[in-house]
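# Fold and geometry: a report
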Amino acid sequence: MMKTHRFFIATCLTIITSTSVMAQLTGNGPSLSHDPSKGSPSAPRDMSAFSNLLNINGSDGIYLKKNLYLVDYYTVINGQKVLGLPFLYAEWCTGTISTPDGREYTDYKLKYNVQNQSVSFLNGNDSMEVNESIKDFTLKVAVGDSLITSRFANSTQYQKNGKELYYEVLIDNEKGQLLKTNTKKVATADDGIIASSTSRYLKLESDYFFYDKKTKKLTKIKPDNDLKSTLNLTDAQAKDLYSDTYEPASEESLLMFFKRYFERAKLNGL
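What comes next concerns the included structure. (Residues numbered from 1 in each chain as written. Predicted model: local features only at pLDDT ≥ 70, side-chain atom pairs only at ≥ 80, totals over all residues. Heavy atoms only, no water.)

### Quick notes on the pattern of salt bridges
- Inspection of every chain in the model, using the stated rule, returns 11 salt bridges.
- The residue E205 makes a salt bridge to K185 at a minimum N-O spacing of 3.8 Å. Taken together, the residues E205 in strand β15 (residues 200–212) and K185 in strand β14 (residues 176–188) connect sequence positions 20 residues apart.
- Since its relative accessible area comes to 31%, E205 is described here as partly exposed.
- R264 is paired through a salt bridge with D240; the nearest N and O atoms lie 2.7 Å apart. Placement of the pair is R264 in helix α6 (residues 251–268) and D240 in helix α5 (residues 235–241), with a sequence separation of 24 residues.
- A relative accessible area of 21% places R264 in the partly exposed class. (Salt bridge = Lys/Arg side-chain N within 4 Å of Asp/Glu carboxyl O. Helix = DSSP H or I, 4+ residues; strand = E, 2+ residues; numbered from the N terminus. Buried < 20%, exposed > 50% of the residue type's maximum accessible area, 1.4 Å probe, protein only.)

### Points about the pairing of strand β10 (residues 126–129)
- Across 4 bridges, the pairing between strand β9 (residues 118–123) and β10 is antiparallel. Bridge pairing links S120 to E129 in β10.
- Connecting β9 to the next strand, β10, in antiparallel fashion are 2 residues, including G124 with a positive phi near 65 degrees. (Pairing = 2+ DSSP bridges.)

### Section: α6
- Compared with the 26 Å implied by 1.5 Å per residue over 18 residues, the 25 Å span of α6 between its first and last C-alpha is a close match.
- Within the sequence span of α6, burial applies to E251, S253, L254, L255, F257, F258, R260, Y261, F262 and A265.
- In this structure S250 caps α6, since a side-chain oxygen of it lies 3.3 Å from the backbone nitrogen of E252. (Expected span 1.5 Å × (residues − 1). Polar contact = N/O pair within 3.5 Å; in protein donor to acceptor, adjacent residues only side chain to side chain.)

Take a look at the structure:
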């Protein structure tokens, strides 16, 4: 454990402060600010209607309502105050980091910044950004009395070109994977609860992909995508897999579809 600790101190040089001073002076990247009177920056989960539903583990169908706007917190980006936090989860999560050369670092407190696609770890009272290449990492998220582990894989494992980011692995099967990207972008609120506080906020956006392990092809799944052609299904196979309640823009529908697809593939050789 001591060897691991020294590794991170030696290689992770970027310090993320808990104030907005550095971002305001340099204009480089976001920094976290919060109202000290409201306690820790790790805000409690909001189970109200103003949170969105995110899948935690596609294999067992467990879901968790997650904070969407975090109305008591803001991030300073390029010197401007933006409502919300850049992280996928506001709280620190226990996790593991794997590097491309096979090293593994376990039981660290991690945060995944989806606004700039970086990973930070807790070193004493300091938050430090990992600046060494990461193959994949995991986060353990508390759901009731259980801990659900989510895995995130570096996009370089699927494609060599393009901006580096992390795919959340919703389902991992010997035939293929259902993947999801999580990103936050600065958006403008015109009305509603957000606009009453500020016009600019960090909006969480997601896209879904199917990775075929045999052909090594990554296909983006759009709401109007015909999964029949994507998966080379016959009419009968497609009819069997689509349910009457299937909604193209629903993550839950996608999960149920691909769970059935992988089950049929194992039984019938799809």
